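Structure assessment
This is what each chain is made of:
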Amino acid sequence: MAKRDYYEVLGVDKNATEDQIKKAYRTIAIKYHPDRNPGNKEAEEKFKEAAEAYDVLHDPQKRQQYDTFGFNGPAGSGGFGGFNATSMNMDDIFSMFGDIFGGHAGFGGFGGGRRGPQVHRGSDLRLKVRLSLDEISHGVTKKFKVRKDITCSHCHGTGAEDGSPSETCPTCHGSGVISHTTQSIFGMMQTQGVCPTCDGEGHIIKNKCHHCHGTGVEKGEEVVEIKIPAGVAEGMIINVPGKGNAGQHKGVNGDIQVFVEEEENDTFIRDDNNLIYNLLLDFPTAALGGEVEIPTIEGTRLKVKMEPGTQPGKTLRLRGKGLPAVQGYGRGNGDLVVNVSVYIPKELSREEKAAIEQFRQSDNFKGDAATKRSIFQKFKNYFS
């Protein structure tokens, strides 16, 4: 849905106090709470929209930025400080604003928090990959030997010795959570928290695996193949789901985050998806014209015709001969931009000097007034 003004979302005016904003948010959140509206996508979107509005308006600094700049503030378009409710799940929102409902779980008889035993998630790993311009142009698959947590080879991830069964947690009775009901100004409030006895798993391992000490994971190595798409750039992060550390007790694996570094290239300079090539043209070809060969990132050479009288500083643009856009971040290829410079030799033979001395006397080689003004203006713009 299209973004609406945050004050309009909460139904308050721009002079609303913090308490008024908090009360308005709670009213809307209760109305559109997912437990009251099961399976209602529209209610879920309005619930998230209200959470995003409250995140900005209850924070004085974010609110001032929003009042001054709107959605296009210093923190970026939409979602200040990286908050974007539409991309978050309900547990994330409850964990951020649990105090609004009296705790993480939700409010009243609505259990807006975790449901059922906890599933452990392994931690993420970070890798760096250094790529050549050729690899960036075509994309490449890299192999890494990664040291990480893997599933225990002895208990196969259960954490129990010799397959011995676990016992239902006597504290939470297998739910993984414990509930508390308290009286507040809004009425009876129910909160939930992770069971301290079983750490949210719902069961207890009595006979722990001696190899992994009951965790279900051990240190190991794995060769991971990571596909790098064409067109990536320095500083980009590629997320590889499920290849990070193993989760305890057959939990969910973490991810690998691959940070891209780019090697310098001897032939081309990169400018976004464009490539810049500096062509050093010999004086006779600049004066008389002729064909030159331009290298490409594909390894081929393109023949380009230079017009007679080509001036230093001339720019040629070869469409579509640059780098491809990363999938999902644009279309097609950039251009190959050719900057022309003219080579002037530092040392000349006697015959070469004599020939050039003849040219010196020619008015045609002195340049007309228009050309001189053009060159002067280029230097003036450069140094201004």
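Rules behind the numbers
Residues numbered from 1 in each chain as written. Predicted model: local features only at pLDDT ≥ 70, side-chain atom pairs only at ≥ 80, totals over all residues. Heavy atoms only, no water. Helix = DSSP H or I, 4+ residues; strand = E, 2+ residues; numbered from the N terminus. Buried < 20%, exposed > 50% of the residue type's maximum accessible area, 1.4 Å probe, protein only. Contact = heavy atoms within 4.5 Å. Areas by Shrake-Rupley, 256 points an atom, 1.4 Å probe, with all protein chains shown as cover. Pairing = 2+ DSSP bridges. Axes fitted to C-alpha atoms, helices over the stretch in contact; angles between N-to-C directions. Salt bridge = Lys/Arg side-chain N within 4 Å of Asp/Glu carboxyl O. Phe/Tyr/Trp six-rings, centres within 6.5 Å; stacked < 30°, edge-to-face > 60°. Expected span 1.5 Å × (residues − 1). Polar contact = N/O pair within 3.5 Å; in protein donor to acceptor, adjacent residues only side chain to side chain. pLDDT = per-residue confidence, 0-100. Lys, Arg positive; Asp, Glu negative; His and termini not counted.

**Overview of the overall build of the protein chain**
Helix and strand counts for the protein chain come out as 9 helices and 19 strands. Counting over 384 residues, the protein chain shows a buried share of 38%. Across the protein chain, contacts joining residues at least 24 apart in sequence account for 64% of those joining residues at least 6 apart. A total accessible area of about 23,300 Å² is found for the protein chain, and carbon and sulfur atoms account for 50% of it.

**Here we look at the sheet that holds strand β12 (residues 237–240)**
If you walk across this open sheet you meet the 3 strands as β5-β13-β12, and the pairing is mixed. The sheet is open, and its two borders are formed by β5 (125–131) and β12, each paired with just one other strand. Between one strand axis and the next, the sheet turns by 25° as a mean value, whatever way the strands run. Here β5 pairs with strand β13 (residues 256–262) via 7 bridges, running parallel. Paired with Lys 128 across the bridge in β13 is Phe 259.

**Regarding the pairing of strand β16 (residues 290–295)**
In summary, the side chains of a regular strand alternate between the two faces of the sheet. In this structure, β16 lies alongside strand β17 (residues 301–306), joined through 6 bridges in antiparallel fashion. If you follow Gly 290 over to β17, its bridge partner there is Met 306. Once β16 ends, the chain turns through 5 residues before running back antiparallel as β17, passing Gly 299 with a positive phi of about 95°.

**Quick word on the pattern of salt bridges**
Enumeration over the complete set of coordinates arrives at 20 salt bridges. Here Lys 62 and Asp 55 are joined by a salt bridge, their closest N and O atoms 3.2 Å apart. Here Glu 225 makes a salt bridge to Lys 143, at a shortest N to O gap of 3.5 Å. Here Glu 225, found in strand β11 (residues 217–228), pairs with Lys 143, found in strand β6 (residues 140–151); they are 82 residues apart in sequence, far enough to count as distant. Residue class for Lys 143 comes out exposed when judged on its relative accessible area of 61%. Three or more residues are tied together by salt bridges with common partners; here these are Arg 4, Glu 8 and Glu 49.

**Some details on the packing of aromatic side chains**
The tally for this structure, following the rule as stated, stands at 4 aromatic pairs. Measuring from ring centre to ring centre gives 4.7 Å for Tyr 6 and Tyr 66, while their planes differ by 35°; the resulting arrangement is tilted. One end of the pair, Tyr 6, is in helix α1 (residues 6–10); the other, Tyr 66, is in helix α4 (residues 60–69), with 60 residues separating them in the sequence. Ring centres of Tyr 25 and Tyr 54 lie 4.5 Å apart, and the angle between their planes is 10°; on these two criteria the pair is classed as stacked. Of the two residues, Tyr 25 sits in helix α2 (residues 18–31) while Tyr 54 sits in helix α3 (residues 41–57), which places them 29 residues apart along the sequence. Assessed through its relative accessible area of 5%, Tyr 54 is described here as buried.

**Some details on the environment of Ala 287**
Along the chain, Ala 287 turns up in helix α7 (residues 283–288). When the C-alpha atoms of Ala 287 and Gly 309 are compared, they prove to be 4.5 Å apart, with 22 residues separating the residues in sequence. Sequence-distant contacts of Ala 287, that is, excluding residues within four places in its chain, are made with Pro 308 and Gly 309.

**Things to note about α3**
Since the α-helix advances by 3.6 residues per turn, residues separated by three or four positions end up pointing in the same direction. With 17 residues, α3 should reach 24 Å at 1.5 Å per residue; the first-to-last C-alpha distance of 24 Å fits that figure. Residues of α3 that are buried include every one of Ala 43, Phe 47, Lys 48, Glu 49, Ala 50, Ala 51, Glu 52, Ala 53, Tyr 54, Asp 55, Val 56 and Leu 57, and no others. Structurally, the start of α3 carries an N-cap: the backbone nitrogen of Glu 42 is 3.1 Å from a side-chain oxygen of Asn 40.

**A look at the confidence of the model for the protein chain**
Interpretation of this model should avoid reading the predicted coordinates in detail wherever pLDDT is low. Taken residue by residue, the protein chain gives an average pLDDT of 81. The fraction at 70 or more is 79%. Every residue in residues 74–79 is under pLDDT 50, and counting partners more than four places away or in other chains gives 14 contacts. For the stretch residues 97–116, pLDDT sits under 50, and the model shows 66 contacts to residues farther than four places along the chain or on other chains.

**Quick word on the sheet that holds strand β14 (residues 269–271)**
Spatially, the 4 strands line up as an open sheet ordered β14-β15-β19-β18, and their pairing is mixed. Because the sheet does not close on itself, it has two edges, and the strands there are β14 and β18 (315–318). Direction aside, neighbouring strands of the sheet carry axes that sit 30° apart on average. Looking at chain direction, β14 and strand β15 (residues 274–282) are connected through 3 bridges and run antiparallel. Across the sheet, residue Asp 271 finds its bridge partner in β15, namely Asn 274.

**Let's talk about unusual backbone geometry**
We note that His 249 has phi near 50°; this positive angle belongs to a residue other than glycine. Along the chain, His 249 turns up in the loop between β12 and β13. Look at Lys 250: it is not a glycine, yet its phi comes out positive at around 60°. Mapped onto the secondary structure, Lys 250 falls in the loop between β12 and β13. For Lys 250, a relative accessible area of 59% puts it in the exposed group.

**So, the side chain of Glu 161**
Within the secondary structure, Glu 161 sits in the loop between β6 and β7 (167–168). Lys 208 provides the closest opposite charge to the buried, salt-bridge-free Glu 161, at an N-O distance of 12 Å. Among the polar contacts made by the side chain of Glu 161, one reaches the main-chain amide nitrogen of His 210 at a distance of 2.8 Å. Those residues in contact with Glu 161, other than ones at most four positions away along the chain, are His 154, Asn 207, Lys 208, Cys 209 and His 210.

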